[in-house]
4 protein chains.
Amino acid sequence: MAQPPATRPNASRRSERSRRAILAAALDLVGEVGYARLSIEGIAARAGVGKQTIYRWWPSKGAVLFDAILALSEDAEGRPAALPDSGDLEADLKQVMRATIEELSDPRFDEPLRALTAERMHDPVLAADHAERLDEPMTEIKKERLRSAQRAGQLPEDLDLDLAVELIWGPLLNRWLLRSGPLTPGYADALVEAVLRGLRP
Amino acid sequence: MAQPPATRPNASRRSERSRRAILAAALDLVGEVGYARLSIEGIAARAGVGKQTIYRWWPSKGAVLFDAILALSEDAEGRPAALPDSGDLEADLKQVMRATIEELSDPRFDEPLRALTAERMHDPVLAADHAERLDEPMTEIKKERLRSAQRAGQLPEDLDLDLAVELIWGPLLNRWLLRSGPLTPGYADALVEAVLRGLRP
Amino acid sequence: MAQPPATRPNASRRSERSRRAILAAALDLVGEVGYARLSIEGIAARAGVGKQTIYRWWPSKGAVLFDAILALSEDAEGRPAALPDSGDLEADLKQVMRATIEELSDPRFDEPLRALTAERMHDPVLAADHAERLDEPMTEIKKERLRSAQRAGQLPEDLDLDLAVELIWGPLLNRWLLRSGPLTPGYADALVEAVLRGLRP
Amino acid sequence: MAQPPATRPNASRRSERSRRAILAAALDLVGEVGYARLSIEGIAARAGVGKQTIYRWWPSKGAVLFDAILALSEDAEGRPAALPDSGDLEADLKQVMRATIEELSDPRFDEPLRALTAERMHDPVLAADHAERLDEPMTEIKKERLRSAQRAGQLPEDLDLDLAVELIWGPLLNRWLLRSGPLTPGYADALVEAVLRGLRP
DNA sequence: GTATAATCGAGACGGTACGTCCCGTCTTAGT
DNA sequence: ACTAAGACGGGACGTACCGTCTCGATTATAC
């Protein structure tokens, strides 16, 4: 719940202390017992908070966890506003993909991210929220790097950037979600190479 | 869900009547209330069956639903053992992709498939079962078509077929699962064209 | 409920407006939902008042209701300082009993009085308060009428007046509280006759 | 819930073990924390029983407690089917009243009985249940003793027995419930004497 | 006439209990 | 042997209130 006015009914009297405790408890617990056995009751107890305080500000455990993850990534990094741009698109993408793979292999991210992604598949409201607050900024960052490559003549001017982003990251996400294969640096490289071969002018 | 439902030799005393009623009830209910609020208790009541009869034969509601979907797709089609092979890989793939999109847009398939996919993301046991009984046969069928294209010289001999399958179907699955864009015939065509451009020798 | 509401000298800053609204809301609500589901939260909301304003001046919902009933009976009558005294004790008592029965049948009094009486059965503090502010004045009034009868030679000089009051009003109260029989004018008469037969010299 | 078919939906599969544990826990707890802080949740926990098992068989904590008290008095005595009958009505009644006073002074009975009586004042359903299962048998026993006195010529033939019972026991119950005076053997005697004086032919 | 402090409405907070839904196990009767 | 039925101990749900606790925003004396 980073952006104040969007989701908070009346942020004025809200207890920052409780908010932090809830997000922390949610992350802790999802790591300990998994998403399926994560419960609002449990989060409240761990956070030393009344259940109502959670229900007042979040509609579901999925929403709590989403905010927790968002807060986590905001704390961890300082919002990396852009992908690396060394001039060499292929090298840059490989680097990014390898980093993504590493992140997805970190159990601190894997469990909660996986849970969140499962949740949004069912719940269109949650899905819209995630799309707006997570996917769109990320996609924009990726498209920005591709635009830079277009300017450098490494990609055709008329390329459908949304499609391109999907071509690059879609297979990776799929392999991660469905565990349909190992996530190795070699896979990252092979994927980038194969896709770029098709995209280049 | 233990035995492949086609031949169940030693399930001597098992009531076929109840089995069908359970699978039908599961499909009905998942369509009515969604996967999250689907319950074994509810399935039993709808099927006019004791709860124990479900627990005796399936380990979880996910397993019931999986069998239900398997039975559904078996009834619907007659197991298409191969992808179309007209000699024109691009045309064939476009046709298959368009058909897939149509299937995924059918609410009779959408909800339960989505639920199933979400479930397997958490549960590695379920995931392995799905991989074995659903993904592997499907992937083999797809790879077979690509092999045929290799023989026809439309794809390089040393192509990594598993990667190729992921490149083609991964983005589509992703768009469907995450609702990150509309599933249109045009999208199918653009996807196939872009990927094949990269794969061709 | 601290100060007798008639004279409240030092409640300097207290809002008379809120006090009235609270008592009125309490009476309204107890009539609508009954005592068990009456809540301070509900009274505050109905009265358009902060919860704290209630907690500041009353210790419990029972105390609020007690004041509300007291205020009600003060408004309704002008404090009848004495029972009727026509010289005929039996006739006077019958009249009073019939009036009491009528009052107890009025739903405006029945529910809240019943609630109050139930409450004081548990809570000795409340009970003492009620005894002091409600019962003792009433009992004194009743005993006064009996004393007059003693002076007129209709009752023995050495009669235990407290016991006599209990003998007359006890059965009536019991029948009302426990609903152990219908409250009719005939019952009032029979009761008075039977008791007086035993009390007379 | 002593009488099987009256209150049990389907007594066949009911766990006698749980039933006993629940009634015992209810009595224990009401003694420890009082009726107001007695909770179904608490009873269930103390009895080592699921809450649903209580809700399945009783509609409210008041109903549980009523059964608990009924069971208690059934265990304690062997159903005293009649009041003592020595031929001397006054002596017999004094003895009974003194015994009643003693029982009402026993905290093992006082708290729960008081709570129950308060509860039935609000809840007409509970009230009817109590009237049927507790009051009516008791009243019948009392009336039987009075009928015997009628036969012995100690009471008039045309006496309204229901009224007589109320005259004798009503004041006592009232004094107990409202704590409007001390419950002493002397009070019992005075009460019986005064009432009988009025009832005798 | 202004300052100033008690009181006000509003409502968030940590809690307890509610009554309900299901879980997965179990027992009973019926076929 | 398997079934329909459903009671059982248990966990969590989402809601209602509890009594306490800030928040500004009035008021209504006492300066």
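Note that the coordinates shown come from a computational prediction; the quantities given were computed from them, not determined experimentally. (Residues numbered from 1 in each chain as written. Chains lettered and ligands numbered in written order. Predicted model: local features only at pLDDT ≥ 70, side-chain atom pairs only at ≥ 80, totals over all residues. Heavy atoms only, no water.)

Next up on the list: the overall build of chain A. Within chain A one finds 10 helices and zero strands. Listed N to C, the secondary structure of chain A is α-α-α-α-α-α-α-α-α-α in terms of helices and strands. By principal-axis analysis of the C-alpha atoms, chain A measures approximately 60 × 35 × 30 Å. Each of the 201 residues in chain A was classed as buried or not, and the buried ones make up 49%. Partitioning the contacts of chain A with sequence separation of at least 6, the portion at a separation of at least 24 is 64%. (Helix = DSSP H or I, 4+ residues; strand = E, 2+ residues; numbered from the N terminus. Buried < 20%, exposed > 50% of the residue type's maximum accessible area, 1.4 Å probe, protein only. Contact = heavy atoms within 4.5 Å.)

Turning our attention to the packing of helix 8 (residues 161-178) of chain C against helix 9 (residues 185-199) of chain C. Residue and element names in this part refer to chain C. Interhelical geometry of helix 8 versus helix 9 gives an angle of 155 degrees and a closest axis separation of 10 Å. Between helix 8 and helix 9, the crossing angle belongs to the class labelled roughly antiparallel. As for how helix 8 packs across helix 9, the hand of that crossing is right-handed. Contacts between helix 8 and helix 9 involve Ala-164, Leu-167, Ile-168, Pro-171, Leu-172 and Arg-175 on the former and, on the latter, Tyr-187, Leu-191, Val-195 and Leu-199. (Axes fitted to C-alpha atoms, helices over the stretch in contact; angles between N-to-C directions. Parallel < 35°, antiparallel > 145°, perpendicular 65-115°, else oblique. Left-handed = near helix turned anticlockwise from the far one by under 90°.)

Below, the discussion takes up the protein's contact with DNA strand E. Of all residues adjacent to DNA strand E, which total 34 residues, the nearest are Trp-57 of chain A, Lys-51 and Gln-52 of chain B together with Glu-41 and Tyr-55 of chain D. The sugar-phosphate backbone supplies 64% of the atoms of DNA strand E found within 4 Å of the protein. At a separation of 3.5 Å, a phosphate oxygen of DNA strand E approaches a polar backbone atom of Gly-50 of chain A. Contact distances for DNA strand E include 2.9 Å between a phosphate oxygen and a backbone N or O atom of Ile-40 of chain D. Its residues assigned to classes, the surface near DNA strand E shows eight nonpolar, 14 polar and 12 charged. (Near = heavy atom within 4 Å. Polar contact = N/O pair within 3.5 Å; in protein donor to acceptor, adjacent residues only side chain to side chain. Nonpolar A, V, L, I, M, F, W, Y, C, P; charged D, E, K, R; others polar.)

What follows concerns empty space enclosed by the protein. Any space left empty among the atoms is revealed by the rolling of a water-sized probe across them. A full pass over the atoms with the stated rule returns four cavities of 30 Å³ or more. In this structure, the second largest cavity spans a volume of roughly 60 Å³. Leu-167, Ala-194, Val-195, Gly-198 and Leu-199 of chain A together with Leu-167, Ala-194, Val-195 and Gly-198 of chain B are the residues that line the second largest cavity. Top element by residues in the lining of the second largest cavity is helix 10 (residues 185-199) of chain A. It accounts for four residues. Classifying every residue of the lining of the second largest cavity gives seven nonpolar, two polar and no charged. (1 Å grid on protein atoms, 1.4 Å probe; cavity = no way out; pocket = protein on both sides within 12 Å on 5 of 7 lines; lining within 4 Å. Points joined across faces, edges and corners; volume = space filled by probe spheres on them.)

All right, on to the nonpolar core then. The biggest cluster of nonpolar side chains holds 72 residues, and the ones touching the most others in it are Ile-43, Ile-54 and Leu-65 of chain A together with Ile-43, Ile-54 and Leu-65 of chain B. Filtering out sequence-adjacent residues up to four positions away, Ile-54 of chain A remains in contact with Ile-22, Ile-40, Ile-43, Ala-44, Val-49 and Val-64 of chain A. (Core = buried A, V, L, I, M, F, W, Y, C linked by side-chain atoms within 4.5 Å.)

Quick look at unusual backbone geometry now. With phi around 50 degrees, Arg-179 of chain A is a residue other than glycine that occupies positive phi space. When you line up the elements, Arg-179 of chain A lands in the loop between helix 9 (161-178) and helix 10.

Right, let's get into the relation of the copies chain A and chain B. Placing chain A over chain B gives an RMSD of 0.3 Å and needs a rotation angle of 179 degrees, together with 0.1 Å of translation along the axis. Taken together, the rotation angle and the small translation identify this as a two-fold axis. The rotation axis passes nearest to the C-alpha of Gly-198 of chain A in chain A, at a distance of 1.7 Å. When the interface residues of chain A are mapped onto chain B, 97% of them again fall at the interface, so both copies present the same face. (Least-squares fit on C-alpha atoms with pLDDT ≥ 70 in both.)

So, on to the interface of chain D and chain C. Taken together, the contacts link 30 residues of chain D with 29 residues of chain C. Buried area between chain D and chain C, both sides added, is near 2700 Å², and the carbon and sulfur share of it is 62%. For the pair chain D and chain C, the number of links is two salt bridges. Between Arg-175 of chain C and Glu-166 of chain D there is a salt bridge whose closest N-O contact spans 2.7 Å. At the junction of chain D and chain C, the tally comes to 12 residue pairs in polar contact (both at pLDDT 80 or more). (Buried area = accessible area lost by both parts, 1.4 Å probe. Salt bridge = Lys/Arg side-chain N within 4 Å of Asp/Glu carboxyl O.)

In this section: the side chain of Arg-145 of chain D. Along the polypeptide, Arg-145 of chain D turns up in helix 8 (residues 124-151). Each residue touching Arg-145 of chain D, except ones within four places of it in the same chain, is listed here: Leu-83, Pro-84, Asp-85, Ser-86, Gly-87, Asp-88, Leu-89 and Asp-92 of chain D.

Turning our attention to the arrangement of the chains. In this view chain B stays clear of chain C, with the nearest C-alpha atoms of the two still 31 Å from each other. A minimum C-alpha distance of 16 Å separates chain B and chain D, which share no contact.

Let us now look at the interface of chain A and chain B. Between chain A and chain B, the residue contacts involve 30 residues of the former and 29 residues of the latter. The contact between chain A and chain B buries some 2700 Å² in all, and 62% of this surface belongs to carbon and sulfur atoms. Here chain A and chain B share two salt bridges between them. Joining chain A to chain B, the criterion identifies 10 residue pairs in polar contact (both at pLDDT 80 or more). Of all the secondary-structure elements, those providing two or more residues to the side of chain A that touches chain B are helix 7 (107-122), helix 8 (124-151), helix 9 and helix 10 of chain A. Here the residues of the side of chain A that touches chain B sort into 17 nonpolar, six polar and seven charged.

This part covers the environment of Ala-81 of chain B. With respect to the element layout, Ala-81 of chain B can be found in the loop between helix 4 (61-76) and helix 5 (89-105). Considered as a pair, Ala-81 of chain B and Ile-141 of chain B are 60 residues apart in the sequence and their alpha carbons are 7.0 Å apart.

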